Amino acid sequence: LIRNVAHHQKDMRITGNKEQIPFWKIKNELISPKSDKNNSDSEKIPPPLIASIFKSIVFGTNYPEQLLSTIVRRVKTDTDEENNKFIKINATRVAIIKAYINRKNRLKNKEEEIKMALDPQNSNPAYLCGRLFALLEKVQQRASDNELNTTIKDSYFSAACSTPAVVFPKLFLLAQNHLAKLELIYEKYWNGKIAEVINMLGTEFPQTLSLAEQGIFIIGYYQQFYSKKEVDE
């Protein structure tokens, strides 16, 4: 029992969250942060899902697929509040997705593993698309001095997560306008960062992403956007 719980916490480790993730925190991320707990009509978590998650922790088995689908849906539908920029994509939600995917791969004897922090060697197309979206959003922020009320994440994240080939051409057109507003040294820097990812991705974006790939997209976005190395640079 102790070994399985320890493995669960190890699977949940992610950059940006140094503490162990308690069970109640996982439950909270399954519902909208705007849900009113005192309202009988507010969103509720199905008891069988909670039981399945607890069982997977205790016995070291796969997490239920409904856990992944619920978290991905929350990321795609929730919005960031003005005073809290970590509602939509936060460390706990990303940790849950990472744990689900890594455990499923491990139990299938697959060598693929998503690391705790940004992995520049990860060539998974969904992961690279997530990283690329984060870079394009950072360019937009720099060009506007962080004074935008609405970013590309608010307008395009859900669609980019599902159908990258449809959305990214639009994002690149927007990025050209944003890059043109930067000083030359910063324009070269961001162009270089974007080129690194595109060179790994190749000439075509995925037409659609499966549920698991959407989860990987979210992880790639988070790890790129909140990378300590990126902040230092």
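Everything that follows concerns the structure shown earlier in this document.
Residues numbered from 1 in each chain as written. Predicted model: local features only at pLDDT ≥ 70, side-chain atom pairs only at ≥ 80, totals over all residues. Heavy atoms only, no water.

Draft legend 1. Looking closely at the packing of helix H6 (residues 125-144) against helix H9 (residues 184-201). At a minimum axis separation of 10 Å, H6 and H9 run at an interaxial angle of 165°. Between H6 and H9, the angle is such that the two are roughly antiparallel. Judged by the twist between their axes, the crossing of H6 over H9 is left-handed. In this structure, H6 uses Pro-125, Leu-128, Cys-129, Arg-131, Leu-132, Leu-135, Leu-136, Lys-138, Val-139 and Arg-142 to contact H9, whose residues at the interface are Trp-190, Lys-193, Ile-194, Val-197, Ile-198, Met-200 and Leu-201. Taken together, the residues that form the contact of H6 with H9 break down as 13 nonpolar, no polar and four charged. (Axes fitted to C-alpha atoms, helices over the stretch in contact; angles between N-to-C directions. Helix = DSSP H or I, 4+ residues; strand = E, 2+ residues; numbered from the N terminus. Parallel < 35°, antiparallel > 145°, perpendicular 65-115°, else oblique. Left-handed = near helix turned anticlockwise from the far one by under 90°. Contact = heavy atoms within 4.5 Å. Nonpolar A, V, L, I, M, F, W, Y, C, P; charged D, E, K, R; others polar.)

Draft legend 2. Just the packing of helix H1 (residues 2-11) against helix H5 (residues 91-107), in detail. Across the interface, H1 lies against H5 with an axial gap of 8 Å and an inter-helix angle of 120°. With respect to H5, the element H1 is oriented oblique. Residues Asn-4, His-7, His-8, Lys-10 and Asp-11 of H1 form the contact with H5, whose own contacting residues are Ala-95, Lys-98, Ala-99, Arg-103 and Arg-106. The residue makeup of the contact of H1 with H5, split by class, is two nonpolar, three polar and five charged.

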